[in-house]
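# Structure at a glance
Below, each chain spelled out in residue letters.
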Amino acid sequence: MTAFADMALAELATPALLLDSTILARNCEAMAQRAAHHGVALRPHLKTSKSAEVARLATRGQAGGITVSTVAEADYFAAHGFLDLTYAVGISASKIEALDRIQRTHGARITLLADRVEAVLSAAEQARALDASFPLLIEIDTGGGRGGLAPDDAELLTVADAVQQSEAFTLAGVLTHAGHSYGADNRETIRAIAEVERAGAVHAAERLRAAGFPVSVVSVGATPTAVCAESLAGVTEMRPGVYTFFDLDQVARGICGVDDIAMSVLATVIGHNPRSGRVLIDAGALALSKDSSGAQFRDDLGYGLVCPAEGGAPLAGLHVAELHQEHGLVAGNGDLQALFAALPVGSRVRILPHHACMTAAPYDRYHVVRAAGADVHAIWGKTRGWQAGTLDA
């Protein structure tokens, strides 16, 4: 859904998700240039935005392939014309029927992911029963410790053989994700992680090729490593995601600046509590998320920084200190009366999110502005949830 709008921020019911399309476009172009510099395809991970309009900006000038993490996302993006999808979660046989239906309905090609023979066999059995077929990538663990086989694991060739022996799957290559780069707060360390990510994926691909298996895709992906990598030799594509919006989590790691954050939450001041020294807003844990992983590097971010409603730099010393389901509590470092005077009851603020992916997920739309202080000029739909059929209204 895209609807053109002309409304003031004061007209929006809060909490509302705001998206600065000027910053968004700038972030997308910067990552596209990085991919071009390294000579790799950009297959953006759309789990952050879950929006077709964002996907159009993120894939502009690219081949058009995208990455998703849920069946709902696959369904939504295929319905909006994005037909080359990588489903970057280890495949479960229970997902095959829905993914096959998406392929048949929209003419899409969905590439699957697996790291165990058991997963390949059970999913292949379900696919054969449906006369379905899929390309499949083998997941490689290059240090993240979440899923995948080590680049040197003997099981790599066994999994590849199971894929090739199946009637439903064709081996496309390897995929890795350096999720542990989110645990580093300096570019030197992240550059080293990026090299391990690259080298591990390439080594796994070389082992497969040496054993006679076809490998056309060598896929790496994480926003920190995509920003910091010095070389992507041997890689065919990268899959960063949160770079489209950025957030305080990335700011804390030195990956971006506060002025690179494209998404915020508009909230209303609903109370003052002189006993606790807090300002209450109507954006709580469900509107902002309770993710605060960047706090391991900075202690001044809380659950979000507070900006004027019209946008601009964060207000000095203010952050969301506590969250309840529908209440956020803003704290300041200065005089209490000055805090209450700066944020009177009924006034509005923008909260810069700690983790954009988690913050955006529950919302069903973006209210799009072009720059700080601008009115809403469009409403962009998005998907949410996990099951197919959860399209934007």
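One can find the structure itself at the top, above this paragraph.
Below you will find a few notes about this structure.

Calculation rules
Residue numbers here run from 1 along each chain, matching the order of that chain's written sequence. It should be noted that, the model being predicted, local features are given only for residues of pLDDT at least 70 and side-chain atom pairs only at 80 or more, the latter also being counted only at that level, while totals for whole chains, interfaces and linings use all residues. Working from all heavy atoms in the structure, the side-chain values ignore hydrogens and water. Angles shown run from 0 to 180 degrees and are taken between the N-to-C directions of axes, each axis being a line fitted to C-alpha atoms and, for helices, limited to the stretch in contact. Every helix listed is a DSSP run of H or I at least four residues long, and every strand listed is a run of E at least two residues long, numbered separately from the N terminus. Angle categories are assigned with fixed cut-offs, so that under 35 degrees is roughly parallel, over 145 is roughly antiparallel, 65 to 115 is roughly perpendicular, and the rest are oblique. Left-handed is the label given to a crossing in which the near helix is rotated counterclockwise from the far helix by less than a right angle, and right-handed is the label when the rotation is clockwise. A contact between two residues is defined here by any heavy atoms of the two lying within 4.5 Å. When DSSP locates at least two bridges between a pair of strands, those strands are taken to pair. The term polar contact refers here to a pair of N or O atoms within 3.5 Å; inside protein, the definition further demands a hydrogen-donor-capable atom paired with an acceptor-capable atom, and it admits residues adjacent in sequence only when both atoms are side-chain atoms. Partly exposed residues are those whose accessible area sits between 20% and 50% of the maximum for their type, while under 20% is buried and over 50% is exposed, using a 1.4 Å probe and protein chains only. Take the number of residues in a helix, subtract one, and multiply by 1.5 Å to get its expected span. In this text, buried Ala, Val, Leu, Ile, Met, Phe, Trp, Tyr and Cys residues form a nonpolar core when linked through side-chain atoms within 4.5 Å.

## Overview of the packing of helix 6 (residues 155-165) against helix 7 (residues 187-210)
- Between helix 6 and helix 7, whose axes approach to 10 Å, the crossing angle comes to 60°. Considered as vectors, helix 6 and helix 7 are oriented oblique to each other. The handedness of the crossing between helix 6 and helix 7 is right-handed. Every residue of helix 7 that contacts helix 6 at Leu156, Leu157 and Ala160 is listed here: Ala204, Arg207 and Leu208.

## Looking at the sheet that holds strand 6 (residues 109-114)
- One open sheet holds the eight strands; their spatial order is 3-10-9-8-7-6-5-4, and the pairing between them is parallel. Pairing within the sheet leaves two strands with one partner each, and these edge strands are strand 3 (41-42) and strand 4 (66-68).
- In this structure, strand 5 (residues 84-87) lies alongside strand 6, joined through three bridges in parallel fashion. By the bridge assignment for strand 6, Asp84 is matched with Arg109.
- Where helix 4 (residues 96-106) meets the sheet, its contacts fall on strand 5, strand 6 and strand 7 (134-140), and the angle it forms with strand 6 comes to roughly 155°.
- Helix-sheet contacts for helix 6 involve strand 7 and strand 8 (169-176), and the interaxial angle to strand 8 is about 145°.

## What about the environment of Ser216?
- Its place among the elements puts Ser216 in the loop between helix 7 and strand 9 (217-220).
- When the C-alpha positions of Ser216 and Glu97 are compared, they lie 26 Å apart, and in sequence the two are 119 residues distant.
- The residues contacting Ser216, other than those within four sequence positions of it, are Ala172 and Thr236.

## Overview of the side chain of Lys50
- As for its placement among the helices and strands, Lys50 is situated in the loop between strand 3 and helix 2 (52-58).
- Looking at Lys50, its side chain comes within polar contact range of the side chain of Glu73, at 2.4 Å.
- Those residues in contact with Lys50 that lie beyond four places of it in its chain are Glu73, Tyr76, Phe77, Ala361, Lys382, Thr383 and Arg384.

## Section: the environment of Ala201
- If you trace the backbone, Ala201 turns up in helix 7.
- On a C-alpha basis, the gap between Ala201 and Asp131 in space is 31 Å, while along the polypeptide they are 70 residues apart.
- Contact partners of Ala201, with chain neighbours within four places excluded, come to Thr142, Val174, Thr176, Val218 and Val220.

## What to know about unusual backbone geometry
- Thr14 connects to Pro15 through a cis peptide bond whose omega is 0°.
- With respect to the helices and strands, the residue Pro15 is situated in the loop between strand 1 (2-7) and strand 2 (16-20).
- In this structure, Asp131 takes a positive phi of about 55° despite not being glycine.
- Topologically, Asp131 is positioned in the loop between helix 5 (117-129) and strand 7.
- Here Asp131 falls in the exposed class, since its relative accessible area comes to 66%.
- With phi around 55°, Phe246 is a residue other than glycine that occupies positive phi space.

## Some remarks on helix 7
- Taking 1.5 Å per residue, 24 residues should reach 34 Å; helix 7 reaches 34 Å between its end C-alpha atoms and fits that length.
- For helix 7, every residue scored as buried is listed here: Ile190, Ile193, Ala194, Glu197, Arg198, Gly200, Ala201, Val202, Ala204, Ala205, Arg207 and Leu208.
- Structurally, helix 7 contributes buried residues whose contacts are with strand 7, helix 6, strand 8, strand 9 and helix 8 (223-228).
- In the stretch just after helix 7, Gly212 is the one whose phi turns positive, near 95°.

## A short note on the nonpolar core
- If you look at the biggest cluster of nonpolar residues, it comprises 119 residues, and the most contacted ones within it are Leu99, Leu112, Ile138 and Phe169.
- Per element, the largest residue contribution to this core is eight residues, and it comes from helix 7.
- Leu9, Ala16, Leu18 and Ala309 belong to the second largest nonpolar core, which has 10 residues in total.

## Considerations on the side chain of His45
- Position of His45 among the secondary structure elements: in the loop between strand 3 and helix 2.
- Looking at His45, its side chain comes within polar contact range of the main-chain nitrogen of Lys47, at 3.2 Å.
- Once residues lying within four places of it in the same chain are set aside, the contact partners of His45 are Thr67, Val68, Ser69, Ala88, Arg239, Pro240 and Gly241.

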